[in-house]
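Here's the letter readout for the chains.
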Amino acid sequence: MELKFPEGFWWGAATSGPQSEGRFEKEHANVFDYWYDIEPEAFHNQVGPNVASNFYNSYKEDIQLMKKVGLNSVRTSIQWTRLMDDLEEGTVNETNVRFYNQVIDEFIANGIRPVINLHHFDLPVELYHKYGGWTSKHVVDLFVKFAEKCFELFSDRVTDWFTFNEPMVIVEGEYLHQFHYPNLVDGKKAVQVAYNIQLASAKAIASFRKLNKRAEGKIGIILNLTPAYPASQSEGDLKASRFADLWLNQLFMNASTLGEFPKELVEVLTKDKVLWSATKEELAIIKEHTIDYLGVNFYHPHRVKAPDVSPDSLAVDWLPEKYFDEYQMPGRRMNVDKGWEIYPKAVYDIALNIRDNYHNIEWFISENGMGVSREERYLNEQGMIEDDYRIQFIQEHLYWLHKGMEEGSNCFGYHLWTPIDCWSWKNAYRNRYGFISTDIRTQKKTIKKSGYWFKEVSDNHAVQVSDTLKR
Ligand code: IFM
């Protein structure tokens, strides 16, 4: 069967500055640069962000490869630690302004729409050490200064902007589950960080409305949405899934699209005495500066059940997981390399949720993808990786996306994570996601089978899927 997508649909891929560029010519270190400097053994094979995929030096050749695989739009991020000279004064580093100008111009000259994100986990580490990072409202204002520089410098050509990538990952990684520096477990701080990031996003949107130079320019946020499916229809499991959804999805989703945090979540946080500190003026800024459109990163759903012990009997510090436990559903399909469940139908559930509960706002899949380790297993005699599993993974997700669009959801694009295999936070280069492979010893880049396949999809705005496709 053939699935037809509308003309103008974004067929693209996403990466980020810290994961692709390398640390060349950077004045400041971000939290990951710093963590690698002090504890390289925390990273797979001790591979750090210093070189990454060398995009800083090879962006011209890389963009040619992206064009060859049919990408009509590519998201990357401008690094706060690269663009700025003095973080407090808000002055810029001219060498790196030149770099970003060249990258943007190169994308446009090659018919690729540059989609620019402003924060991809890359807080300047000095702002953590001096002020406590995202727990500080001063840091919120410094971020806004950086965002304003980006709008002033680049919004004459860039029309597609996003404030944050996966804010919930910052909250969880830094303050709950210890997978991002500073690796704390502190629920109260996590709640404040979530609020401060939402405030930073709204304040940056307010600045965008004043400084953006192009009438067609838009700004949004990128959220990793993970539908929380209950283990059963029992009252306890339903309650657990309801809270998981409030915390994991609705917190940023409601504030960013509807201008308000979910009341039920605020009530629980108030009752538990961990609610963020907020002023009336700040809440008004959040209310008035909602997004124009939304990016949805989807990798896996959550399966949840009622916690084994009653939440109120726990004498530990506050953590959101007091209200839900992870449920290991028997028979679920797993990507064993990454340890994430594969459940493409969730894309359809997300599409209808946006249609029904979020004013059918315009949105796109801003990341989706399949991380696979030791992909050299699939090299053919011509030296190309035959990643049929990735093609099938994309087809399955596009099948459900298409169905959601047929039923009226307002989706305008699909981006894979990622165009070219890139460095990843703690996993470094263990799992590969790209349409194009990178040999990290030589930086030789080679198109995979999925890259050639995607070019056809993008040229025809159509996907062929077999009737035996797993649904
Ligand atoms: O590498 C990350 C990216 O930075 C954010 N989304 C998930 C990707 C794959 O793990």
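Criteria and cut-off values
Residues numbered from 1 in each chain as written. Predicted model: local features only at pLDDT ≥ 70, side-chain atom pairs only at ≥ 80, totals over all residues. Heavy atoms only, no water. Near = heavy atom within 4 Å. Polar contact = N/O pair within 3.5 Å; in protein donor to acceptor, adjacent residues only side chain to side chain. Areas by Shrake-Rupley, 256 points an atom, 1.4 Å probe, with all protein chains shown as cover. 1 Å grid on protein atoms, 1.4 Å probe; cavity = no way out; pocket = protein on both sides within 12 Å on 5 of 7 lines; lining within 4 Å. Sits in = over half its atoms within 2 Å of the grid points. Salt bridge = Lys/Arg side-chain N within 4 Å of Asp/Glu carboxyl O. Helix = DSSP H or I, 4+ residues; strand = E, 2+ residues; numbered from the N terminus. Buried < 20%, exposed > 50% of the residue type's maximum accessible area, 1.4 Å probe, protein only. Contact = heavy atoms within 4.5 Å. Expected span 1.5 Å × (residues − 1). Pairing = 2+ DSSP bridges. Points joined across faces, edges and corners; volume = space filled by probe spheres on them. Nonpolar A, V, L, I, M, F, W, Y, C, P; charged D, E, K, R; others polar. Axes fitted to C-alpha atoms, helices over the stretch in contact; angles between N-to-C directions. Parallel < 35°, antiparallel > 145°, perpendicular 65-115°, else oblique.

**Student:** How do you make sense of the site of the ligand when you look at a structure like this?
**Tutor:** Around the ligand, the surrounding shell consists of Gln19, His120, Phe121, Asn165, Glu166, Tyr299, Trp340, Glu367, Trp417, Ser424, Trp425 and Tyr433. One of the side-chain N or O atoms of His120 is found 2.8 Å from an oxygen atom in the ligand. In this structure, an oxygen atom belonging to the ligand sits 3.4 Å away from a side-chain N or O atom of Tyr433. Burial of the ligand by the protein chains amounts to 94% of its free accessible area of 280 Å². Of the pockets mapped on this structure, the ligand occupies the largest pocket.

**Student:** Explain the pattern of salt bridges here, please?
**Tutor:** One side chain can pair with another of opposite charge once the charged atoms of both are near each other. Under the criterion given, the structure shown has 37 salt bridges. Of the charged contacts, one joins Glu341 and Arg303 as a salt bridge, the two residues approaching to 2.7 Å between their closest N and O atoms. Separated by 38 residues along the polypeptide, Glu341 in strand S12 (residues 340–341) and Arg303 in strand S9 (residues 302–305) bring together distant segments of the chain. Like Arg303, Glu341 is buried. A salt bridge links Asp387 to Arg390, with the shortest nitrogen-to-oxygen separation between them at 2.8 Å. Across the pair, exposure class does not vary: Asp387 and Arg390 are buried alike.

**Student:** Could you clarify how one ought to interpret the side chain of Asn93 in this entry?
**Tutor:** With respect to the element layout, Asn93 can be found in the loop between helix H4 (80–83) and helix H5 (94–109). For Asn93, a relative accessible area of 11% gives the class buried. At 3.0 Å, the side chain of Asn93 forms a polar contact with the backbone nitrogen of Asn96. Residue contacts for Asn93: discarding those within four places in its chain leaves Glu25, Glu27, Arg82, Leu83, Met84 and Asp85.

**Student:** Sorry, what's going on with H5 here?
**Tutor:** Three- or four-residue spacings in an α-helix give side chains the same orientation, since the helix completes a turn every 3.6 residues. Between its first and last C-alpha, H5 extends 22 Å over 16 residues, near the 22 Å set by a 1.5 Å rise per residue. The complete set of buried residues in H5 reads Asn96, Val97, Phe99, Tyr100, Val103, Ile104, Glu106 and Phe107. Residues of H5 that are buried sit in contact with helix H3 (55–68), strand S3 (73–77), H4, strand S4 (113–117) and helix H7 (137–154). If you check the start of H5, you find a side-chain oxygen 3.0 Å away from the backbone N of Thr95, and it comes from Asn93. One or two residues past the end of H5 sits Gly111, with phi positive at roughly 75°.

**Student:** What am I meant to see in the pairing of strand S13 (residues 363–367) here?
**Tutor:** One face of the sheet, then the other: side chains in a regular strand alternate in exactly this way. Within S13, five of the five residues are buried, which leaves it mostly tucked inside the rest of the structure. Summarising the sheet, strand S8 (residues 293–297) and S13 pair through four bridges and their orientation is parallel. Bridging across to S13, Asn297 finds its partner in Glu367.

**Student:** Explain the layout of surface pockets here, please?
**Tutor:** Think of a ball as big as a water molecule: rolled over the atoms, this probe shows where empty space is left. Put simply, the largest pocket is a space of about 1,200 Å³. Residue lining of the largest pocket: 42 residues in total, with Glu172, Phe179, His300, Lys338 and Trp340 positioned closest to the centre. Of all the secondary-structure elements, those providing two or more residues to the lining of the largest pocket are helix H8 (167–175), S9, strand S10 (325–326) and S12. Of the residues belonging to the lining of the largest pocket, the class tally is 16 nonpolar, 15 polar and 11 charged. Considered as a void within the structure, the second largest pocket measures approximately 500 Å³ in volume. Glu376, Arg432, Thr438, Asp439 and Ile440 are, among the 22 residues lining the second largest pocket, the residues nearest its centre. Of the residues assigned to the lining of the second largest pocket, the class counts are six nonpolar, seven polar and nine charged.

**Student:** Would you take a moment to explain the pairing of S9 for this structure?
**Tutor:** Here strand S7 (residues 228–230) runs beside S9; their pairing, made up of three bridges, is parallel. Counterpart to Pro230 in the pairing with S9 is Val304. Bridge analysis of S9 against S10 gives two bridges, and the strand direction is antiparallel. What sits directly across from Val304, in S10, is Glu326.

**Student:** What is the right way to look at H7 in this model?
**Tutor:** Compared with the 26 Å implied by 1.5 Å per residue over 18 residues, the 26 Å span of H7 between its first and last C-alpha is a close match. Of the surrounding elements, those touching the buried residues of H7 are H4, H5, helix H6 (125–131), strand S5 (160–165), helix H9 (187–211) and strand S6 (218–224).

**Student:** Is there a simple way to think about the packing of helix H10 (residues 235–257) against helix H11 (residues 263–271) in this case?
**Tutor:** Any two packed helices are characterised by how steeply their axes cross, that is the angle between the axes, and by the distance between the axes. Where H10 contacts H11, the two axes come as close as 10 Å, and the packing angle between them is 110°. The angle between H10 and H11 falls in the class roughly perpendicular. Here Arg242, Phe243, Leu246, Trp247 and Leu251 of H10 come into contact with H11, specifically with Glu264, Leu265 and Val268. In terms of residue class, the contact of H10 with H11 is made up of six nonpolar, no polar and two charged.

**Student:** It is not clear to me how unusual backbone geometry should be interpreted in this structure. Could you clarify?
**Tutor:** Across the chain, the bulk of peptide bonds are trans and the bulk of non-glycine residues have phi less than zero. Pro182 follows Tyr181 through a cis peptide bond whose omega is 10°. Looking at the secondary structure, you find Pro182 in the loop between H8 and H9. In this structure, Thr418 follows Trp417 across a cis peptide bond, with omega equal to 25°. With respect to the secondary-structure elements, Thr418 resides in the loop between strand S15 (411–417) and strand S16 (431–432). Positive phi values are uncommon outside glycine, yet Asn45 reaches one of about 55°. Look at Asn45 and you get exposed, because its relative accessible area is 62%. With a phi close to 65°, Asn54 is a non-glycine residue in the positive phi region. Relative to the helices and strands, Asn54 is located in the loop between helix H2 (31–38) and H3. When its relative accessible area of 16% is taken as the criterion, Asn54 is described as buried.

**Student:** Looking at this structure, how should I read the sheet that holds strand S2 (residues 10–14)?
**Tutor:** What holds strands together in a sheet is hydrogen bonding between their backbones, with the strands either parallel or antiparallel. Here we have eight strands rolled up into a closed barrel, ordered S2-S3-S4-S5-S6-S8-S13-S15, and parallel in their pairing. Averaged over all adjacent pairs, the angle separating strand axes in this sheet is 25°, with direction ignored. In this structure, S6 lies alongside S8, joined through five bridges in parallel fashion. Directly across from Asn224, in S8, lies its bridge partner Asn297.

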